[in-house]
There are 2 protein chains.
Amino acid sequence: MGEGAGDEGNPIMTTHINIDPNTVERYIMELAEHGAHGATGVWRPVYGDAWFAAQRQVETWMQEAGLETRWDAVGNVWGRVTGANDAGRGVILTGSHIDSQLPGGRYDGALGVITPILAVKELLARFGQPERTIEVVSFCEEESSRFPTAHHWGSRAVAGEISTEDLASVVSYDGEKIGEVMQAAGFDLDAIPAIKREDIDIFIELHIEQGPILEQAGIPTAVVTGITGIRHYHLTLRGRADHAGARPMDTRRDPMAAAAEIISTVINTAHRMGRPAVTTVGRMRVEPNGAAIVPEEVYFTIDARHPDPATRELLYARHEATIKEVCERRDIEYSWTLGAEQPPRISDPALVETFVAAATEQGLNHTTMPSGAVHDANRMAGFSRMVMLFVQSKDGRSHTPDEFTYPEHAAEGVALLAAGLQKLAYGDE
Amino acid sequence: MGEGAGDEGNPIMTTHINIDPNTVERYIMELAEHGAHGATGVWRPVYGDAWFAAQRQVETWMQEAGLETRWDAVGNVWGRVTGANDAGRGVILTGSHIDSQLPGGRYDGALGVITPILAVKELLARFGQPERTIEVVSFCEEESSRFPTAHHWGSRAVAGEISTEDLASVVSYDGEKIGEVMQAAGFDLDAIPAIKREDIDIFIELHIEQGPILEQAGIPTAVVTGITGIRHYHLTLRGRADHAGARPMDTRRDPMAAAAEIISTVINTAHRMGRPAVTTVGRMRVEPNGAAIVPEEVYFTIDARHPDPATRELLYARHEATIKEVCERRDIEYSWTLGAEQPPRISDPALVETFVAAATEQGLNHTTMPSGAVHDANRMAGFSRMVMLFVQSKDGRSHTPDEFTYPEHAAEGVALLAAGLQKLAYGDE
């Protein structure tokens with residue numbers, strides 16, 4: 001206390017939120033025990049035993065924090081505290097997912113479930129019942145690591161975007177239909193439509209950054225100004241298979257030569273455009289894939305992202321012009337289909353302002369930045385005001401057992417989330 | 001006859017060889033019935049039923065031509081006519097292989113077995129017993145299409161390059177050991193060492209060109225001056241897997257970006273160097289191969305060929321400099337292993353001269369050129385004088401059911417082979 005004692009009447013100081021990094025660390029490590037994989041990884045596909053154990057752990061923590069809990073019919077776990085003065089203002093929802101990549105790390109998704117529980121626990125303990133209703137959600141599925149087309153199954157259900165057909169057409173890598181897996185796990189498929197929510201005003205998702213920007217800047221947290229727009233091109237180039245020895249270079253129609261030129265160019269285009277433009281070629285398949293045969297066909301993906309709608313279109317136009325020019329010059333047939341088409345999602349400006357103000361008042365070292373990754377928040381932004389918070393990732397790693405976030409940074413994330421929630425739910429805003 | 005009748009005493013005219021294209025066509029079509037695949041393809045893996053039927057057909061034709069036949073312990077079929085004045089001069093051997101790609105075409109290999117039978121048949125019918133011994137061989141295996149490391153199993157046996165270990169370590173795509181497959185087929189593995197020949201003076205292999213050069217020049221046949229040198233680089237580039245959205249372009253260590261730059265450059269290097277330099281990237285594997293993940297590792301092959309020993313080394317040096325420069329600049333770890341390392345094989349200059357002279361005397365439209373493909377002749381050149389003959393390929397296609405050679409061109413190939421054999425075996429040379 002000492003010389004600071006005189007500030008006790010200051011509202012900023014009275015709401016100062018101190019979170020113990022050791023507590024955050026303990027929650028992270030306990031959750032990571034469910035599906036522990038190797039020294040630091042987790043392996044937690046949706047609807048598996050480790051996943052059930054993790055969701056039950058989350059439910060227990062929610063109850064310890066003072067929340068009323070429930071499971072819905074896709075396996076999302078919800079915790080709720082009803083506001084004292086809630087009429088017509090809609091719910092403030094915060095959460096993320098607890099399924100993982102195979103293997104994944106301890107932080108992706110999990111940190112966005114743990115931090116709300118700790119933040120709400122702190123708020124309820126210090127300030128009692130909020131004016132507005134707060135809910136915390138642990139979404140069942142985000143990574144599509146067991147069912148490749150599940151596409152954010154948990155938040156899809158909340159958006160009312162799961163159809164009866166999806167229950168049969170969403171199939172696991174092992175050939176299981178998601179509906180059958182869910183029924184075997186005890187879920188009532190007829191209750192899925194009732195998961196849809198129309199009373200959510202605000203959705204807040206805290207997540208690890210998954211990139212190196214905050215670490216390089218030496219800043220623990222950020223308020224996310226928007227989520228990038230993303231498009232996947234699934235591109236097929238067809239030329240003519242030829243003998244690698246007998247066919248002279250000047251008479252080839254080699255789709256690999258065209259692919260290499262396109263890949264170099266699209267990567268350089270995004271690089272030259274500057275941050276936050278990104279373009280990635282992560283998947284390729286060659287036919288017939290023989291060392292001594294000029295390929296007949298090369299398939300590859302182009303993942304291209306930008307959070308600004310106009311600049312995103314410019315990036316796509318340049319990529320498409322490159323594909324066209326290279327293939328026509330090299331006499332290569334080309335075609336593409338689009339996948340993962342997601343428009344940019346702008347964070348609600350008032351919410352960004354609230355969290356920036358909260359961070360400033362708390363004395364938290366913070367910045368603002370766009371998200372280059374897609375999250376449950378994308379889908380939630382379709383029917384609620386949305387904002388995300390980032391916590392620094394060590395070495396910018398994610399989707400790997402190597403991902404790591406310092407407990408001190410995670411604790412600052414809890415503090416930022418709690419301070420913003422306090423402003424939103426306790427009447428400051 | 002008319003005004004040409006006065007030339008009857010000219011030795012060139014007396015040895016003029018006329019081959020009926022319809023006869024050649026009939027042999028090609030009959031052999032193609034064994035393992036027929038689709039409208040124009042063949043599917044004839046070594047030691048299969050279709051392969052046995054084809055080798056028996058070849059043996060019958062050899063006997064009809066007047067040759068004494070035998071099978072050896074790997075399944076090569078041999079036909080022989082002993083020379084009247086053979087002492088110490090060594091055998092003149094000609095042949096190719098009858099196994100196929102899966103599927104392959106009717107001509108690759110098969111034409112080099114059929115044409116010697118027809119050529120020798122013509123010579124024996126017209127000129128009787130030769131001065132020197134002639135043998136015709138139908139090698140059991142060249143394509144490695146059933147056993148990926150069989151590597152010219154038939155000519156390997158003749159070179160004495162099959163070890164006991166090879167019988168267990170050469171394994172089919174279905175996991176069968178070649179020794180066990182051979183035993184089940186009735187071959188005596190203990191007799192393999194005795195296949196080795198040290199009495200072969202000359203090996204002649206006629207083959208389809210497999211490229212477009214003769215067709216573009218409008219020439220049916222060529223005498224091959226040498227077989228290209230070939231090297232396969234099996235190259236692995238390692239960078240760092242990263243999130244395709246969250247990792248800025250300027251901080252990536254993307255092995256796909258490096259691979260694309262290397263592939264573009266090595267292809268352009270060979271193209272700029274000019275014919276007959278070739279470089280092909282036909283095989284690639286990406287890890288983890290996800291559309292939204294910057295790859296951790298990219299593996300690909302570089303097949304680079306040149307028939308001139310010094311120029312070949314220059315080509316390889318440029319490729320290796322490219323790999324090194326790109327990977328070091330992009331902070332990518334790289335390593336490679338070498339496969340399919342074959343030095344160039346220069347055709348015996350005296351044999352080239354003999355066949356060029358024979359073509360000229362026969363009035364055959366011909367040229368000389370190197371071979372960009374590797375053949376049984378490569379292995380035979382290690383212990384005998386070697387020359388190859390090419391017959392035009394339609395559209396330069398091979399290793400596909402689409403490969404085609406006009407019967408008229410194949411007949412000119414028979415005439416060229418017969419005329420050269422006549423000069424070599426009947427005492428002219």
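Residues numbered from 1 in each chain as written. Chains lettered and ligands numbered in written order. Predicted model: local features only at pLDDT ≥ 70, side-chain atom pairs only at ≥ 80, totals over all residues.

### A look at the overall build of chain A
Phase 1 of the analysis: When helices and strands are counted, chain A shows 13 helices and 18 strands.
Phase 2 of the analysis: In terms of overall size, chain A behaves like a compact globule, its C-alpha atoms giving a radius of gyration of 24 Å where 429 residues would be expected to give roughly 22 Å.
Phase 3 of the analysis: In terms of overall dimensions, chain A has a C-alpha envelope of 85 × 50 × 45 Å along the principal axes.
Phase 4 of the analysis: Residue pairs at least 24 apart in sequence account for 78% of intrachain contacts in chain A once pairs closer than 6 positions are excluded. (Helix = DSSP H or I, 4+ residues; strand = E, 2+ residues; numbered from the N terminus. Rg over C-alpha atoms; globule rule 2.2 N^0.38 Å. Contact = placed C-beta atoms within 7 Å.)

### Concerning the relation of the copies chain A and chain B
Phase 1 of the analysis: Note on the identical chains: chain A maps onto chain B by a rotation of 180° and an axial translation of 0.0 Å, with an RMSD of 0.0 Å. Here the copies are linked by what is in effect a two-fold axis. In terms of proximity to the rotation axis, the leading residue of chain A is A:Ala260, whose C-alpha is 2.2 Å off the axis. (Least-squares fit on C-alpha atoms with pLDDT ≥ 70 in both.)

### Regarding the domain arrangement of chain A
Residue and element names in this part refer to chain A.
Phase 1 of the analysis: For chain A, the assigned domains read domain 1 (2-227 + 344-425) and domain 2 (229-342).
Phase 2 of the analysis: Look at where the C-alpha atoms of domain 1 and domain 2 centre, and you get two points 36 Å apart.
Phase 3 of the analysis: Contact with domain 1, which involves seven residues of that partner, is made by ten residues of domain 2.
Phase 4 of the analysis: Looking at side-chain class alone, the side of domain 1 that touches domain 2 contains four nonpolar, three polar and no charged residues. (Domains from an automatic or database assignment. Nonpolar A, V, L, I, M, F, W, Y, C, P; charged D, E, K, R; others polar.)

### Brief notes about the packing of helix α3 (residues 49-65) of chain A against helix α4 (residues 111-127) of chain A
Residues and elements named next belong to chain A.
Phase 1 of the analysis: The contact between α3 and α4 brings their axes to 9 Å, and the two run at 15°. Considering their axes alone, α3 and α4 lie roughly parallel with respect to each other. Between α3 and α4 the crossing geometry is left-handed. Taking contact as the criterion, the partners of Val58, Trp61, Met62 and Ala65 in α3 are, on α4, Val113, Ile117, Val120, Lys121 and Leu124.
Phase 2 of the analysis: Residues belonging to the contact of α3 with α4 are distributed by class as follows: eight nonpolar, no polar and one charged. (Axes fitted to C-alpha atoms, helices over the stretch in contact; angles between N-to-C directions. Parallel < 35°, antiparallel > 145°, perpendicular 65-115°, else oblique. Left-handed = near helix turned anticlockwise from the far one by under 90°.)

### Let's talk about the interface of chain A and chain B
Phase 1 of the analysis: Across the boundary between the two partners, chain A contributes 53 residues, which contact 53 residues of chain B.
Phase 2 of the analysis: Only β9 (229-238), β10 (242-243), α9 (255-273), β11 (278-280), β12 (284-287), β13 (293-294) and β14 (297-306) of chain A provide two or more residues apiece to the side of chain A that touches chain B.
Phase 3 of the analysis: It is α9(A) that provides the largest number of residues to the side of chain A that touches chain B, a total of nine residues.
Phase 4 of the analysis: Looking at the side of chain A that touches chain B residue by residue, the class counts come to 25 nonpolar, 19 polar and nine charged.

### Focus on unusual backbone geometry
For residues besides glycine, phi is generally negative; the peptide bonds are generally trans as well.
Phase 1 of the analysis: For the peptide bond that leads from A:Leu102 to A:Pro103, omega is -5°, which places it in the cis range.
Phase 2 of the analysis: Its location among the elements puts A:Pro103 in the loop between β5 (91-97) and α4.
Phase 3 of the analysis: The amide bond that connects A:Arg275 to the next residue, A:Pro276, takes the cis arrangement and shows omega of 0°.
Phase 4 of the analysis: Here B:His151, not a glycine, exhibits a phi torsion of approximately 50°, which is positive.
Phase 5 of the analysis: The partly exposed category is assigned to B:His151, around which 18 C-beta atoms lie within 10 Å. (Buried ≥ 20, exposed ≤ 12 C-beta atoms within 10 Å, placed from the backbone.)

### Some remarks on helix α10 (residues 309-329) of chain A
All names here are of chain A.
Phase 1 of the analysis: Between its terminal C-alpha atoms α10 stretches 30 Å, which fits the 30 Å expected from 21 residues at 1.5 Å a residue.
Phase 2 of the analysis: All of the buried residues along α10 are Arg312, Leu315, His319, Ile323, Val326 and Cys327. Taken down its axis, α10 places every buried residue within 100° of arc, on the same side. In α10, the exposed residues that point more than 90 degrees away from the buried face are Ala310, Glu313, Ala317, Ala321, Lys324, Glu328 and Arg329.
Phase 3 of the analysis: Turning to α10, the residues buried within the fold contact β9, α9, β14 and β15 (333-342).
Phase 4 of the analysis: Note on α10: the residue one or two positions beyond its end, Asp331, has a positive phi of about 60°. (Expected span 1.5 Å × (residues − 1). Arc of directions from axis to C-beta.)

### Describing the confidence of the model for chain A
Detailed reading of the predicted coordinates is not advisable wherever pLDDT falls low.
Phase 1 of the analysis: Here chain A averages 94 in pLDDT, and 96% of its residues register 70 or above.
Phase 2 of the analysis: For this predicted complex, the interface score ipTM comes out at 0.85, alongside a pTM of 0.85. (pLDDT = per-residue confidence, 0-100.)

### Observations concerning the packing of helix α11 (residues 349-362) of chain B against helix α13 (residues 407-425) of chain B
Residue and element names in this part refer to chain B.
Phase 1 of the analysis: Remark: α11 packs on α13, axes separated minimally by 9 Å, with the N-to-C direction vectors making an angle of 115°. Our pair here, α11 against α13, has a crossing hand that is right-handed. On the side of α11, the interface is formed by Thr354, Phe355, Ala358, Ala359, Glu361 and Gln362, while α13 contributes Ala415, Leu416, Ala419, Gly420, Lys423 and Leu424.
Phase 2 of the analysis: Looking at the contact of α11 with α13 residue by residue, the class counts come to seven nonpolar, three polar and two charged.

### A closer look at the environment of B:Ser393
Residue and element names in this part refer to chain B.
Phase 1 of the analysis: Relative to the helices and strands, Ser393 resides in the loop between β18 (385-391) and α13.
Phase 2 of the analysis: When the C-alpha positions of Ser393 and Glu209 are compared, they lie 5.6 Å apart, and in sequence the two are 184 residues distant.
Phase 3 of the analysis: If we ignore the near neighbours within four places in the chain, the residues touching Ser393 are Ile208, Glu209, Gln210, Gly211, Glu215, Ser398, Glu403 and Thr405.

### Describing the environment of B:Leu124
Residues and elements named next belong to chain B.
Phase 1 of the analysis: If you trace the backbone, Leu124 turns up in helix α4 (residues 110-127).
Phase 2 of the analysis: A sequence separation of 159 residues divides Leu124 from Arg283, and the C-alpha atoms of the two residues are 48 Å apart.
Phase 3 of the analysis: Among all residues touching Leu124, those that are not within four sequence positions of it are Ala65, Gly66 and Val81.

### Some details on the pairing of strand β4 (residues 77-81) of chain A
All names here are of chain A.
Phase 1 of the analysis: Of all five residues that make up β4, four are buried, and the element is covered over most of its length.
Phase 2 of the analysis: Pairing geometry for strand β3 (residues 68-71) and β4, over four bridges, is antiparallel. Looking at the pairing, Thr69 lines up with Gly79 of β4.
Phase 3 of the analysis: The hairpin turn running from β3 into β4, its antiparallel successor, is five residues long, and Gly75 in that turn takes a positive phi close to 100°. (Pairing = 2+ DSSP bridges.)

### Regarding helix α13 (residues 407-425) of chain A
Residues spaced three or four apart along an α-helix point in a common direction, a consequence of the helix completing one turn every 3.6 residues.
All names here are of chain A.
Phase 1 of the analysis: In this model α13 runs 26 Å from its N-terminal to its C-terminal C-alpha over 19 residues, within 8% of the 27 Å that 1.5 Å per residue would give.
Phase 2 of the analysis: Within α13, 16 of the 19 residues are buried, which leaves the element mostly enclosed by the surrounding structure.
Phase 3 of the analysis: Just downstream of α13 lies Gly427, where phi reads positive at about 95°.

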